[in-house]
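The residues making up each chain are set out below.
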Amino acid sequence: MSFPSRGRFLPLARWAGLEAYVQAARVAIRQAVCYPADIFIEFISYPFAFLGYFFFVAALFGSGGSVQGYGLSTLITYFSLGWVLRMIVDQRLDGNVAALVQSGGVVSHLVRPVDFLHYLFAGFVGRGCLRFCFYALPAILMLTTLFGEDISLRSGDVGWFILYALVAFRMAFELQMLLGLTAFFLTMNHQISWTVDMTIRLISGLIVPLNLFPEPLFRILELLPFQYLYFKPIQVFLHPAEIWNMLAGLTVGMLWTLGLALCNRTVFRAALRRHVIYGS
Amino acid sequence: MTPIINAKNLRKIYRIKRQHPGAWNAVKSIFFPDYEQRVAVDDIDFSLDEGCLAALVGPNGAGKSTLIKMLVGVLRRDAGDLDVMGLDPFNHRMRYVRNIGVVFGQRTNLLWDLSVQDSFELHRAVFGIPRRDFLCRLDELRALFNLDEILRQPARTLSLGQTMRADVAQVLLQQPKILFLDEPTIGLDVLSVKSLIAALRKVNSLYATTIVVTSHDLTVIEELCSNVVLLDKGRVIFDGTVNKAVDTYGNYRKLRFQFTHEQNLAMALELIAGAMPKMLQRIATRRESLELSTVLASDDVDFARLLELAQRLRDESGLREFSMEKPTLKEVILHVFS
Ligand SMILES: Nc1ncnc2c1ncn2[C@@H]1O[C@H](COP(=O)(O)OP(=O)(O)O)[C@@H](O)[C@H]1O
Ligand SMILES: [Mg+2]
C-alpha cells in the first residue's frame, strides 16, 4: 500500500517548519466537507439574516436621499461586504473550544508537540478558505446579480480592503478563542456565547454602521478594537482615505489583534497551571 | 540501571465545587461557591526502569489517571519532584511529548470523520516524522496491530477494539521512548484484550519501549507487566517487580482436595482436624463439586506431613485429586485491597 506524498506546497511548508499547520488546515477542510448538509444549510440561512436589510434599505432610499452620507448604493454595498466577511469569520470556534475544554478533549492536543493556539488558528484558516470558496464567492455572485447596479466593487480599493479584512480575520479568531478559553474558568454555555456574539455584532458595525450611532457612543466605540471586525474594513472600501491614514488604521488594528493574541496566550497558560484536565 | 521515571513526594490536590440539592442552593453557589479539597495523589514516591512494562494498579478513584496526567505533562503537580528522561514533564511539555506516546482509553486521538490513514498522516506532520521512517515504522505496525483492514476506514465506524489498536499504533509512529496507556482495555472483549496485550509485549521487546499502563483489570496486568505500582487512596502501597509482589503479599498457598463421594467429606474433615488442625481454620466445603479448599501460610507448609495426609485421605476417604498452588498476582492484589 502506498502513502503518497500529498499536496504540492508540502515540501515548502516542511522546509519552513510549518508542515504540521498546513496539514491541520487541510484536515479542518476535509472534516468540514464531511458534513455537506451543514454547509448548505448554513449558506442558505445567511440570506434570512441579511436580506431583510436590503429590502428595508431599498424601501427607505429607493427613491433617493441619504443619511450621513449613506445612500441606497452605499448601504447595500456596506451590508453586502459585512455579509461576506461574516460568512468567512463566523466559525463559532468559541463553542468548539469550550467543548474541548469541558469534555477533556483538550488533552489530545496537549500531548502533541504543537502549539495549541497556532494549531487551532491553522484550522481556522483552513475553514476560512473553504468558506471563502463555498460561501463568500457564491454570495458575492448572488448579491451582484440581485443588486448589480447598487454594488460598486471598484478595483482600486480592494487591495486595502483585503489587508483590513485579513486583520479582521485574525481578530475574529482571537475573540472567538478568548471566549472559548473562558470555559476553563467558567462553565460556558450557549447563552453567554450568544449574548457576547450579539453584542460584538452590534458594536463592530455589522448591524448598523457605527457612525450612525449617537456621537458619544461612536466616540467610545472608536476606542475599542471591535470596529476592526467589520466597520473599518468596509469604511476603507467605501471611503478610501489618505494612504497614511489607512496605514495608521491598519497598524492600530494589528496592534489590537496582537494584544488579544498575547492575552489568549496568557489566559491559556494560566488555565494550564491552575486548571485540571477533565475526564478519564 | 538508572530509572527512566523518578517521582519524589508527588502530590495533587483537586478543588471540587460542592453541589447541594435544590434550586436555591444552585443559585447561592454561583455567588458563594463551597469548595472541598480532595487529595488525589498523596506524597507518592516511585521509580521505573527503562524498558520495563509497568502497571499502575488500584481500585477506582485510587489516583491512577491523575498520576498518568502528571506523568505525561498535562497536569501540574502541587508538590514534589518529577523527572522523566531528565525532563520535567509539565514545564518542558513541548520537548517532552516528542519522546512519549499517550493514549487514554476513554477517548480517541483519531480524527472522527476521516480515515485512520488520514489521522496517521496528520500525526506524522505534527511529530515531524520523516516520511521514510514513517513508512518503515508503519509497515511494522501494520503487522503487529493488524491495521490493514482498518487503515481506510473512518474512525467513527471502528469498533472499540479497532479504535484502540489504531490509537496505540498511531502514537508508536513517533518511536516513543515511553508509552503511557490509561485504561487501554476498557470496554474491550476478551479477544481484543488478548491481541492488544500480545502486540504490546512485542512492542516492548522489539523496540525496548518502556510501557506504563493503568488498569483496574487485573488479568491485563498479570499477562502484560513485569512491574507493578499498587496505589490506594492516592498512596503507593507497593512498588516493585511482579515476582516481588507475589513473594511479599502471596506468602500463602492454596490447597484443594477433591473426593469421589459426598459421604467422604465429613470423614475427610475429621482426618484433617486430627492431622493438621491449623488447616481447618479456613477450610471451605463445596458440596456440589465435592471439594475442600483452604489456604495455609507458607511457613506452615510441611511437605512430609501434607503428603502423609494426602495418602491417608486417598486410602481412607476416597480422595481423587489434590493440588497446592502459589497465589497469582491477581489474587495477591485482591488480597491486598480487601
Ligand atoms: N478533575 C477533577 N476534579 C476533582 N476531583 C477529581 C478530578 N479528577 C479526579 N478527581 C478525584 O480524584 C480522585 C482520583 O481520581 P482518578 O485519578 O481519576 O482515579 P483512578 O483513575 O484511579 O480511578 C478521585 O477521588 C476523583 O473523584
Ligand atoms: Mg482512571
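Below is a short write-up of the structure.

The rules we used
- Residues numbered from 1 in each chain as written.
- Chains lettered and ligands numbered in written order.
- Predicted model: local features only at pLDDT ≥ 70, side-chain atom pairs only at ≥ 80, totals over all residues.
- Heavy atoms only, no water.
- Helix = DSSP H or I, 4+ residues; strand = E, 2+ residues; numbered from the N terminus.
- Expected span 1.5 Å × (residues − 1).
- Bend = angle between axes of the 7 residues up to and from the residue.
- Polar contact = N/O pair within 3.5 Å; in protein donor to acceptor, adjacent residues only side chain to side chain.
- 1 Å grid on protein atoms, 1.4 Å probe; cavity = no way out; pocket = protein on both sides within 12 Å on 5 of 7 lines; lining within 4 Å.
- Points joined across faces, edges and corners; volume = space filled by probe spheres on them.
- Nonpolar A, V, L, I, M, F, W, Y, C, P; charged D, E, K, R; others polar.
- Contact = heavy atoms within 4.5 Å.
- Buried area = accessible area lost by both parts, 1.4 Å probe.
- Salt bridge = Lys/Arg side-chain N within 4 Å of Asp/Glu carboxyl O.
- Near = heavy atom within 4 Å.
- Areas by Shrake-Rupley, 256 points an atom, 1.4 Å probe, with all protein chains shown as cover.
- Phe/Tyr/Trp six-rings, centres within 6.5 Å; stacked < 30°, edge-to-face > 60°.
- Buried < 20%, exposed > 50% of the residue type's maximum accessible area, 1.4 Å probe, protein only.
- Lys NZ or Arg CZ within 6 Å of the ring centre and 35° of its normal.
- Core = buried A, V, L, I, M, F, W, Y, C linked by side-chain atoms within 4.5 Å.
- Pairing = 2+ DSSP bridges.
- Axes fitted to C-alpha atoms, helices over the stretch in contact; angles between N-to-C directions.

This part covers helix α7 (residues 116-146) of chain A. Residue and element names in this part refer to chain A. Over its 31 residues, α7 runs 42 Å from end to end, which matches the ideal 45 Å to within 8%, given 1.5 Å per residue. Largest kink in α7: about 40°, centred on Phe 132. The N-terminus of α7 is capped by Asp 115, whose side-chain oxygen sits 3.0 Å from the backbone nitrogen of Leu 117.

The subject of this paragraph is the layout of surface pockets. To find leftover empty space, one rolls a probe the size of a water molecule over the atoms. Looking at the second largest pocket, its volume works out to about 1,500 Å³. Residue assignment for the lining of the second largest pocket shows that the elements contributing at least two residues are α2 (19-32), α3 (36-61), α5 (93-103), α6 (106-110) and α7 of chain A together with α4 (116-127) of chain B. Residue contributions to the lining of the second largest pocket peak at eight residues, all from α7(A). Classifying every residue of the lining of the second largest pocket gives 20 nonpolar, 15 polar and eight charged.

Across the contact, 40 residues belong to chain B and 35 residues belong to chain A. Contact with chain A buries area across many residues of chain B, yet B:Val74, B:Arg107 and B:Val126 alone supply 16% of it, more than any other trio. Taken together, the connections running from chain B to chain A amount to two salt bridges. Where chain B touches chain A, the interface holds eight residue pairs in polar contact (both at pLDDT 80 or more). Taken together, the elements giving at least two residues each to the side of chain B that touches chain A come down to β1 (3-17), α2 (64-71), α3 (93-97), β5 (100-104), α4 and α5 (131-145) of chain B. Partitioned by chemical class, the residues of the side of chain B that touches chain A number 19 nonpolar, six polar and 15 charged.

Glancing now at the site of ligand 1. The environment of ligand 1 is made up of 15 residues, and the closest members are B:Gly61, B:Gly63, B:Lys64, B:Ser65 and B:Thr66. What surrounds ligand 1 is not a single chain but chains A and B. One of the side-chain N or O atoms of B:Thr66 is found 2.5 Å from an oxygen atom in ligand 1. Relative to its unbound accessible area of 560 Å², ligand 1 is 76% covered by the protein chains. Sorting the residues of the shell around ligand 1 by element identifies β1, β2 (35-49) and α2 of chain B as the ones contributing at least two each.

Residue and element names in this part refer to chain A. Within this structure, the stated rule accounts for 20 aromatic pairs over all chains. Between Phe 50 and Tyr 53, the aromatic rings sit 6.5 Å apart at their centres with planes inclined by 45°, giving tilted as the arrangement. Placement of both Phe 50 and Tyr 53 in helix α3 is noted, with a separation of three residues, approximately one turn of the helix. Relative to Phe 237, the ring of Phe 161 has its centre 5.5 Å away and its plane inclined at 70°; by these criteria the two rings are edge-to-face. With Phe 161 in helix α8 (residues 155-181) and Phe 237 in helix α11 (residues 231-238), this residue pair connects regions lying 76 residues apart in the sequence. Each member of the pair, Phe 161 as well as Phe 237, is classed as buried. Each member of the aromatic cluster is reached from another via a ring pair, and the members are Phe 50, Tyr 53, Phe 54, Tyr 70, Tyr 78, Phe 79, Trp 83 and Phe 147. The lysine or arginine in question, Arg 170, covers the ring of Phe 121, its NZ or CZ lying 3.9 Å from the ring centre.

Proteins that are soluble and globular tend to have nonpolar side chains buried together. Residues and elements named next belong to chain B. In terms of nonpolar packing, the biggest core is built from 176 residues, with Ile 5, Leu 67, Phe 120, Phe 145, Val 168 and Phe 180 touching the most fellow members. Here Val 168 is in contact with Val 103, Phe 145, Leu 179, Leu 181, Leu 196 and Leu 200, once residues within four sequence places are set aside. By size, the runner-up hydrophobic cluster in this structure holds 17 residues, among which are Leu 255, Leu 265, Met 276 and Leu 292.

Residue placement: B:Gln258 occurs in strand β10 (residues 252-259). Ignoring sequence-local partners within four residues, the contact set of B:Gln258 consists of B:Ser289, B:Leu290, B:Glu291, B:Gly318, B:Leu319, B:Arg320 and B:Glu321.

Turning our attention to the sheet that holds β10(B). Residue and element names in this part refer to chain B. Spatial strand order, β11-β12-β10-β13: four strands in an open sheet with antiparallel pairing. Across the chains shown, the open sheet's two edge strands, defined by having one partner strand only, are β11 (284-286) and β13 (319-325). Averaged over neighbouring strand pairs, the angle between their axes works out to 15° when direction is ignored. Where β10 and β13 come together, six bridges link them in antiparallel fashion. Across the sheet, Phe 259 pairs through a bridge with Leu 319, a residue of β13. Where helix α12 (residues 303-317) meets the sheet, its contacts fall on β10 and β13, and the angle it forms with β13 comes to roughly 160°.

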